[in-house]
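Residue-level listing of the chains:
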Amino acid sequence: MITYKKTFDYYATNEELDKFVYSIVEALIGDLDDEIEVDITQDDNHRYITVNILNRVLH
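Each chain carries its own residue numbering, running from 1 in the direction its sequence is written. Since the coordinates come from a predicted model, pLDDT governs what is reported: local features require at least 70, and pairs of side-chain atoms require 80 or more to be given and counted, while whole-chain, interface and lining totals use all residues. The side-chain numbers reported here are obtained from all heavy atoms of the structure, hydrogens and water having been left aside.

## Comments concerning the overall build of the protein chain
Under the scheme used here, helices are H or I runs from DSSP no shorter than 4 residues and strands are E runs no shorter than 2 residues, and both carry numbers assigned from the N terminus. Looking only at helices and strands, the protein chain features one helix and three strands. The 59 residues of the protein chain split such that 25% are buried. Contacts were defined at the residue level, with two residues in contact if any of their heavy atoms lie within 4.5 Å. When contacts within the protein chain are restricted to residue pairs at least 6 apart in sequence, those whose partners lie at least 24 apart make up 61%. Here the accessible surface of atoms and residues is derived via Shrake-Rupley with a 1.4 Å probe, and residues count as covered only by protein chains that are part of the display. For the protein chain, the exposed area adds up to about 4400 Å²; of that, 47% sits on carbon and sulfur atoms. Relative accessibility under 20% of the residue-type maximum defines a buried residue, over 50% an exposed one, and the middle range a partly exposed one, all with a 1.4 Å probe and only protein chains included.

## Considerations on a negative patch on the surface
Patches draw on residues past 30% relative accessible area with no salt bridge. Two like charges within 9 Å are joined, as are two nonpolar side chains (Val, Leu, Ile, Met, Phe, Trp, Tyr) within 5 Å. Salt bridges are defined as contacts in which a side-chain nitrogen from Lys or Arg sits within 4 Å of a carboxyl oxygen from Asp or Glu. In this tally, Asp and Glu contribute negative charge and Lys and Arg positive charge; neither His nor the terminal groups of the chain are included. Charge placement uses NZ in Lys and CZ in Arg. For Asp and Glu, CG and CD serve respectively. Taken together, the side chains of Asp9, Glu15, Glu16 and Asp18 present a region of like negative charge at the surface. Here the negative patch gets three residues from one element, more than from any other, and that element is helix 1 (residues 14-28). Mapping Asp18 onto the fold places it in helix 1. Given a relative accessible area of 41%, Asp18 falls into the partly exposed group.

## Things to note about the packing of aromatic side chains
In this scheme Phe, Tyr and Trp rings, the latter by its six-membered ring, pair at centre separations within 6.5 Å, and the angle between planes marks the pair as stacked below 30 degrees, edge-to-face above 60, and tilted otherwise. In the structure shown here, the tally under the stated rule is two aromatic pairs. Each ring, one from Phe8 and one from Phe20, has its centre 5.9 Å from the other, and the planes form 75°; the classification is edge-to-face. With Phe8 in strand 1 (residues 2-9) and Phe20 in helix 1, this residue pair connects regions lying 12 residues apart in the sequence. With a relative accessible area of 10%, Phe8 lands in the buried category. Ring geometry for Tyr10 against Tyr11: centres 5.4 Å apart, planes inclined by 85°, an arrangement best described as edge-to-face. Take Tyr10: its relative accessible area is 32%, and that puts it in the partly exposed class.

Quick look at the structure:
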């Protein structure tokens, strides 16, 4: 499993979070053969995004 994590300001838009996830997916699209799991959490000051690439198999 490969994990990408990033912390955003609480006021970051959903579009900014989407761009982060899609930039990872676009970079791996040719090599990726398994599942992607995205988790978004937040507290009073930040939004946290975690992208897990599960059972990654390269061709």
